[in-house]
Amino acid sequence: MGILSMLSGLMGCNAQPQGNAKFRTVDVTEFARVITDPGVVVLDVRRADEYAQGHLADAPFIDVTASDFEARALECLPKDKTIALYCRSGNRSKKAAGILAAAGYKVMELGTGYMGWTAAGQPVTTEEVDIFKTRHGKVIRMYAIKHGSVRMNIDGKWLYIDPVGKAIPPFTDFTSMPWADAILVTHEHKDHLDPEAIEPLMKDGTVLVANPRSSELMGGKGKVLKNGDEMDLLPGIHLKAVPAYNTAADKQQFHPKGRDNGYVITIDGFSVYIAGDTEDIPEMGDLKDVDVAFLPCNLPFTMTPEQLSKAARMFNPRVLFPYHYGQTDIIQAVNLLKDTAIDVRIRQYQ
């Protein structure tokens, strides 16, 4: 009998809880079965560098060795769902499972860890995902595609922002992704508007929203929103178009005032700001209670790290994703905001 088979037998789904903690240790087969249930949230409790090398699909990460592990878990993990977690080999996951079980979560952990999962030939990915919950426990997953392309799963509904396939490397095959319930387009530039990427995401009932010029270039398709317009995007999801433009005299040909959109998406009181291509415009000071913000940071088209820092300080989002950053040394933005309470997260938005 091989080592993995022995471990599987020892750590099957009927294994007893570790110590006094009320959680289950399961094998790869049971873990793979359980995580297909929409009532289960998968969680990686390894370090960021381990996570970046590969992880289970749809699994965000919270480092169990970090001092704020429990606080971050309580902030983003819903209590009404089972938490299925794993680490590298099964040691750290038991520590994490004990902490979460003591905090009132229903928890299971993969006894053989990520090593056992990959050795069994189970699928992994490098697509990064962050998880959030609204005040009433709705789950929002945010997936980093690239550049200005973002996808979100909002309580089971799929929302895409500026999906782009070929214009920005690496090529993204949107035919392999779930159909969209809604798609937002911020403006007409080819790294944001890509009809060839949008078309395979469309299904009956998909809501396509764009600024006027982008709709025109798509032959009049989609619901047109201008700066200041708002609508109910999907049941329980409100959308407002906000300004996005350049202010510097030598940049205004890129994004003139009044043409392009940013968007504020609100779900059950949870607010997400998608800035689009913009500089640190004064209208950002009107934003209130932003939970998650996406701010661009690349020259010559959008902001410098210094401008991004100034922009973020105007409205102090709880979590900030710098995006559309190309070859910018984006760690500069992290360092410039170290004196704030903003959680700056760097993902694959080159």
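Structure shown above.
Anyway, here's the lowdown on the structure attached to this text. (Residues numbered from 1 in each chain as written. Predicted model: local features only at pLDDT ≥ 70, side-chain atom pairs only at ≥ 80, totals over all residues. Heavy atoms only, no water.)

## With respect to the overall build of the protein
Across its full length, the protein carries 10 helices and 18 strands. Whereas a compact globule of 350 residues would reach a radius of gyration of roughly 20 Å, the protein reaches 21 Å, a difference of no more than 12%. Counting only C-alpha atoms and orienting by the principal axes, one finds that the protein spans roughly 70 × 45 × 35 Å. Counting across all 350 residues of the protein, residues that qualify as buried make up 55%. When contacts within the protein are restricted to residue pairs at least 6 apart in sequence, long-range pairs at least 24 apart make up 58% of them. In the form shown here, the protein has an accessible surface area of approximately 15,200 Å², with 52% of it arising from carbon and sulfur atoms. (Helix = DSSP H or I, 4+ residues; strand = E, 2+ residues; numbered from the N terminus. Rg over C-alpha atoms; globule rule 2.2 N^0.38 Å. Buried < 20%, exposed > 50% of the residue type's maximum accessible area, 1.4 Å probe, protein only. Contact = heavy atoms within 4.5 Å. Areas by Shrake-Rupley, 256 points an atom, 1.4 Å probe, with all protein chains shown as cover.)

## So, the sheet that holds strand E12 (residues 230–234)
Spatially, 7 strands are ordered E12-E13-E14-E15-E16-E17-E18 in an open sheet, and the strand pairing comes out mixed. Looking at which strands have only one partner, the edges of the open sheet turn out to be E12 and strand E18 (343–344). In this structure, strand E15 (residues 270–274) lies alongside strand E16 (residues 292–296), joined through 3 bridges in parallel fashion. Note that in E16 the partner of Tyr273 across the bridge is Ala293. The sheet contacts of helix H9 (residues 305–315) involve E15, E16 and strand E17 (319–323), and relative to E16 the element is tilted by about 155°. (Pairing = 2+ DSSP bridges. Axes fitted to C-alpha atoms, helices over the stretch in contact; angles between N-to-C directions.)

## Some thoughts on the environment of Leu217
Tracing the chain through its elements places Leu217 in helix H8 (residues 212–217). The sequence separation of Leu217 and Cys297 amounts to 80 residues, and the corresponding C-alpha distance is 26 Å.

## Focus on the side chain of Asp277
Among the secondary structure elements, Asp277 is positioned in the loop between E15 and E16. Buried and unpaired, Asp277 has no salt bridge, with Arg259 as the nearest side chain of opposite charge at 7.5 Å. Only 3.1 Å separates the side chain of Asp277 from the side chain of His255, close enough to count as a polar contact. Engagement of the side chain of Asp277 in a polar contact is seen with the side chain of His324, the distance being 3.1 Å. (Lys, Arg positive; Asp, Glu negative; His and termini not counted. Salt bridge = Lys/Arg side-chain N within 4 Å of Asp/Glu carboxyl O. Polar contact = N/O pair within 3.5 Å; in protein donor to acceptor, adjacent residues only side chain to side chain.)

## Points about the pattern of salt bridges
Going through the model one piece at a time under the given rule, you end up with 23 salt bridges. The partner of Arg33 in a salt bridge is Glu30, with the nearest N and O atoms 2.7 Å apart. Pair noted here: Arg33 and Glu30 are both in helix H2 (residues 28–34), with a separation of 3 residues, about one helical turn. With its nearest N and O atoms 2.9 Å apart, the salt bridge here joins Arg92 to Glu50. Of the two residues, Arg92 sits in helix H5 (residues 92–102) while Glu50 sits in helix H3 (residues 48–53), which places them 42 residues apart along the sequence. One salt-bridge network, in which partners are shared between bridges, spans Glu188, Arg213, Glu216, Arg259 and Asp260.

## A few points about the packing of aromatic side chains
The geometry of an aromatic ring pair is captured by two quantities: the separation of the ring centres and the angle between the planes. One pass over the structure, following the stated rule, counts 12 aromatic pairs. Seen in terms of ring centroids, Tyr273 and Phe315 are 5.5 Å apart; in terms of plane orientation they differ by 85°. Their pairing is edge-to-face. Remark: Phe315 occurs in helix H9 and Tyr273 occurs in strand E15; sequence separation between them is 42 residues. Here Tyr273 matches Phe315 in class, with each residue buried. By way of ring pairs, the aromatic residues Phe294, Phe321, Tyr323 and Tyr349 are connected into one cluster. The ring of Tyr114 has Arg46 sitting right over it, with the charged end atom 4.3 Å from the ring centre. Residue placement shows Lys79 over the ring face of Tyr105; its charged tip is 5.1 Å from the ring centre. (Phe/Tyr/Trp six-rings, centres within 6.5 Å; stacked < 30°, edge-to-face > 60°. Lys NZ or Arg CZ within 6 Å of the ring centre and 35° of its normal.)

## Brief notes about the packing of helix H4 (residues 69–76) against H5
Running from N to C, H4 and H5 cross one another at 60°; their axes reach a closest spacing of 11 Å. As far as their axial angle goes, H5 and H4 are oblique. Where H4 crosses over H5, the two elements pack in a sense that is right-handed. The residues of H5 that touch H4, namely those facing Phe69, Glu70 and Ala73, are Ala96, Ile99 and Leu100. Class assignment of the residues belonging to the contact of H4 with H5 gives a composition of 5 nonpolar, no polar and 1 charged. (Parallel < 35°, antiparallel > 145°, perpendicular 65-115°, else oblique. Left-handed = near helix turned anticlockwise from the far one by under 90°. Nonpolar A, V, L, I, M, F, W, Y, C, P; charged D, E, K, R; others polar.)

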